[in-house]
Amino acid sequence: MAFLISFDIDGTLDFGDPPGGITVEMVRKVKELGFLIGSCSDRFPSAQRTLWANNNIEVDFVAPKHQLEEVKARFEAERYLHIGDRDLDQQLAEQAGFEFLWVDDAATSQPWLSW
């Protein structure tokens, strides 16, 4: 069974505004490992898709941050993780039944890269 990782964009990914600690290379690595990946952000889904495309990464989903529950309902996975930089990210992730990692912890210790 797959693992699913949802990334916030701004303050989380290195191509966000402001940039965060999760690099494109980290995202590519989990994609190559077969993880389901995408973003749940405050940005419109079309803007999220454009950012991913500009970085040559094919994602499995994009959604507004408050729709994490819908993402979970669409994909069967062994574990669900959302990585973000704000209290709201944590709150919405936990409400949707996702594990949550703060971007600084995710970028430095990278526990999600060893699942």
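Residues numbered from 1 in each chain as written. Predicted model: local features only at pLDDT ≥ 70, side-chain atom pairs only at ≥ 80, totals over all residues. Heavy atoms only, no water.

**Q** Any chance you could explain the nonpolar core here in plain terms?
**A** As a rule of thumb, nonpolar side chains are buried together in soluble globular proteins. Counting residues in each nonpolar core, the largest one holds 26 residues, and the members touching the most others are Phe7, Ile22, Trp52, Ile83 and Trp112. Elements with a minimum of two residues in this core: strand 1 (3-7), helix 1 (24-32), helix 2 (45-54), strand 4 (79-84) and helix 5 (103-108). Considering each element in turn, this core owes the most residues, 4 residues, to helix 1. (Core = buried A, V, L, I, M, F, W, Y, C linked by side-chain atoms within 4.5 Å. Buried < 20%, exposed > 50% of the residue type's maximum accessible area, 1.4 Å probe, protein only. Helix = DSSP H or I, 4+ residues; strand = E, 2+ residues; numbered from the N terminus.)

**Q** What should I look at first to understand the side chain of aspartate 8 in this one?
**A** Note that aspartate 8 resides in the loop between strand 1 and helix 1. For aspartate 8, a relative accessible area of 3% puts it in the buried group. At a separation of 3.4 Å, a polar atom in the side chain of aspartate 8 contacts the side chain of lysine 65. Apart from the residues lying within four places of it in its own chain, the contact partners of aspartate 8 are Leu13, Cys40, Ser41, Lys65, His82, Ile83, Gly84, Asp85 and Asp89. (Polar contact = N/O pair within 3.5 Å; in protein donor to acceptor, adjacent residues only side chain to side chain. Contact = heavy atoms within 4.5 Å.)

**Q** Looking at this structure, I do not really get the side chain of threonine 12. What am I missing?
**A** Positionally, threonine 12 belongs in the loop between strand 1 and helix 1. Within the local environment of threonine 12, its side chain forms a polar contact with the side chain of aspartate 8, the two groups lying 3.2 Å apart. In this structure, threonine 12 is in contact with Gly20, Gly21, Ile22, Ile83, Gly84, Asp85 and Val103, ignoring residues within four places of it in sequence.

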